[in-house]
Amino acid sequence: DYTNLTGDILVASGILAYLGVFTMSYRNEAITKWIDKLTTLAVPASKEFSLQGCIGDQVKMRQWVIDALPNDSLSIDNAIILDNSRRWPLMIDP
């Protein structure tokens, strides 16, 4: 959705930079706060954000699952963070 691209990419960048070390519940809490702040500042962003929907590559995600990555949102989001990082990020693996 091009209308919400600015806010969605801003949230995705924040996730890549800051939220890799946190649990999924904390990530969701932070994302909700960020989206509320973007709404307050009149920056267009999706009300329901998904890292997989924003910067995830469907073909890569399917291949990860075929290669035995658990098919849950935390594992897929962690893989997206790893795939888009230049260095090894700190991660929480359940």
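If you're wondering where the values come from, they're calculated on a predicted model, not measured in any experiment. (Residues numbered from 1 in each chain as written. Predicted model: local features only at pLDDT ≥ 70, side-chain atom pairs only at ≥ 80, totals over all residues. Heavy atoms only, no water.)

**A few points about the overall build of the chain**
Worth spelling out the cut-off: Working definition: helices are DSSP H or I runs of at least four residues, strands are E runs of at least two. Numbering for both runs from the N terminus. For every residue, the accessible area (1.4 Å probe, protein chains only) is compared with the maximum for its type, and the residue is labelled buried under 20%, exposed over 50%, or partly exposed between those bounds. When checking whether two residues touch, look at their non-hydrogen atoms; a contact exists if any pair is within 4.5 Å. Calculation of accessible area relied on Shrake-Rupley with a 1.4 Å probe; when residues are assessed, cover is drawn exclusively from the protein chains displayed.
On a plain count of helices and strands, the chain comes out with five helices and zero strands. Listed by position from the N terminus, the elements making up the chain come as α-α-α-α-α. Counting only C-alpha atoms, the chain reaches 40 × 25 × 25 Å along its principal axes. Burial statistics for the chain: of 94 residues in total, 31% are counted as buried. Taking as baseline every contact in the chain between residues at least 6 positions apart, the subset at least 24 positions apart corresponds to 59%. Carbon and sulfur atoms make up 56% of the accessible area of the chain, which amounts to about 6500 Å² in all.

**Here's the deal with helix 4 (residues 58-66)**
Just so we agree on the cut-off: Polar contact criterion, stated in full: a pair of N or O atoms within 3.5 Å, where within protein one must be able to donate a hydrogen and the other to accept it, and residues adjacent in sequence count only if both atoms are side-chain atoms.
The residue sitting at the N-terminus of helix 4 and contributing the capping side-chain oxygen is Asp57; that oxygen lies 3.1 Å from the backbone nitrogen of Val59. In the stretch just after helix 4, Ala68 is the one whose phi turns positive, near 85°.

**Observations regarding the nonpolar core**
Here is the rule we go by: Buried Ala, Val, Leu, Ile, Met, Phe, Trp, Tyr and Cys residues that are joined via side-chain atoms within 4.5 Å together make up what is termed a nonpolar core.
With 17 residues, the main nonpolar core has Val11, Ile15, Ile31, Phe49, Leu51 and Ile80 as its most contacted residues. Breaking this core down by element, the ones donating at least two residues are helix 1 (5-18), helix 2 (24-40), helix 4 and helix 5 (73-83). Filtering out sequence-adjacent residues up to four positions away, Phe49 remains in contact with Asp8, Val11, Ala12, Ile15, Ile31, Ile35 and Cys54.

**Here we look at a nonpolar patch on the surface**
The test is simple: Patch definition: residues with relative accessible area over 30% and no salt bridge; like charges joined within 9 Å; nonpolar side chains (Val, Leu, Ile, Met, Phe, Trp, Tyr) joined within 5 Å. Whenever Lys or Arg places a side-chain nitrogen within 4 Å of a carboxyl oxygen from Asp or Glu, that contact is recorded as a salt bridge.
Where nonpolar side chains cluster on the molecular surface, the patch consists of Tyr2, Leu5 and Ile9 and spans about 350 Å² of accessible area. Note on placement: Ile9 falls in helix 1. Ile9 gets classed as partly exposed once you look at its relative accessible area, which sits at 35%.

**Describing the environment of Ser46**
Turning to its location among the elements, Ser46 is positioned in the loop between helix 2 and helix 3 (51-55). Residue classification places Ser46 among the buried positions, given a relative accessible area of 17%. Along the sequence, Ser46 and Ile35 sit 11 residues apart, while their C-alpha atoms lie 7.8 Å from each other. Not counting the four nearest positions on each side in its chain, Ser46 is found in contact with Asn4, Asp8 and Ile35. At 2.8 Å, the side chain of Ser46 forms a polar contact with the side chain of Asp8.

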